[in-house]
Amino acid sequence: LLQSLFHIGEFRRIVYSLNCEDTPDSPGKDDAIGSDPKGVLRGIVDDGEGKAPSLIQALQNVFYRLQTADQAVNCRELMKSFGWDTMDAFTQHDAQ
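Residues numbered from 1 in each chain as written. Predicted model: local features only at pLDDT ≥ 70, side-chain atom pairs only at ≥ 80, totals over all residues. Heavy atoms only, no water.

### Points about the overall build of the protein
Now for step 1: Helices and strands together make up the secondary structure of the protein, namely four helices and two strands.
Now for step 2: Walking the protein from its N terminus toward its C terminus, one meets helices and strands in the order α-α-β-β-α-α.
Now for step 3: Considering the protein as a whole, with its 96 residues, one finds that 18% of them fall into the buried category.
Now for step 4: For the protein, long-range pairs separated by at least 24 residues make up 51% of all intrachain contacts whose partners lie at least 6 apart in sequence.
Now for step 5: Summed over all atoms, the accessible surface of the protein reaches about 7400 Å², with 53% contributed by carbon and sulfur. (Helix = DSSP H or I, 4+ residues; strand = E, 2+ residues; numbered from the N terminus. Buried < 20%, exposed > 50% of the residue type's maximum accessible area, 1.4 Å probe, protein only. Contact = heavy atoms within 4.5 Å. Areas by Shrake-Rupley, 256 points an atom, 1.4 Å probe, with all protein chains shown as cover.)

### A closer look at the confidence of the model for the protein
Interpretation of the predicted coordinates at a detailed level should be avoided for regions scoring low in pLDDT.
Now for step 1: Model confidence for the protein is summarised by a mean pLDDT of 74, while 66% of its residues fall at 70 or above.
Now for step 2: Strand β1 (residues 45–46) is the least confidently modelled element of the protein, averaging 44 in pLDDT, while helix α2 (residues 9–17) averages 94, the highest of any element. (pLDDT = per-residue confidence, 0-100.)

### Re the packing of aromatic side chains
Now for step 1: Within this structure, the stated rule accounts for four aromatic pairs.
Now for step 2: Taking NZ or CZ as reference, arginine 12 lies 4.8 Å from the ring centre of phenylalanine 6, over its face. (Phe/Tyr/Trp six-rings, centres within 6.5 Å; stacked < 30°, edge-to-face > 60°. Lys NZ or Arg CZ within 6 Å of the ring centre and 35° of its normal.)

### Quick word on the side chain of glutamine 60
Now for step 1: As for its position among the elements, glutamine 60 is in helix α3 (residues 55–68).
Now for step 2: In contact with glutamine 60, not counting residues within four places along its chain, are Val15, Tyr16, Leu18 and Cys20.

Here's what the structure looks like:
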């Protein structure tokens, strides 16, 4: 699926143009300091192996690697941004 979306030029352009800092859940300058202690609003996921980037940043990273790599691309970072662990990758996730 990711490769199919990557090869849609307009979709890829939109993904690259998204600003990771201005996501709808990002805290604003008027938000209280410390109101997001776990990084939930910033899209940061900590699974014990380190913090993962936001979904948008992870998708941009995968697309960049698809564009520049000459080997298979690893999607662990994107999975972490979903809050998934390794076992979730092998579980079917249907759209509701």
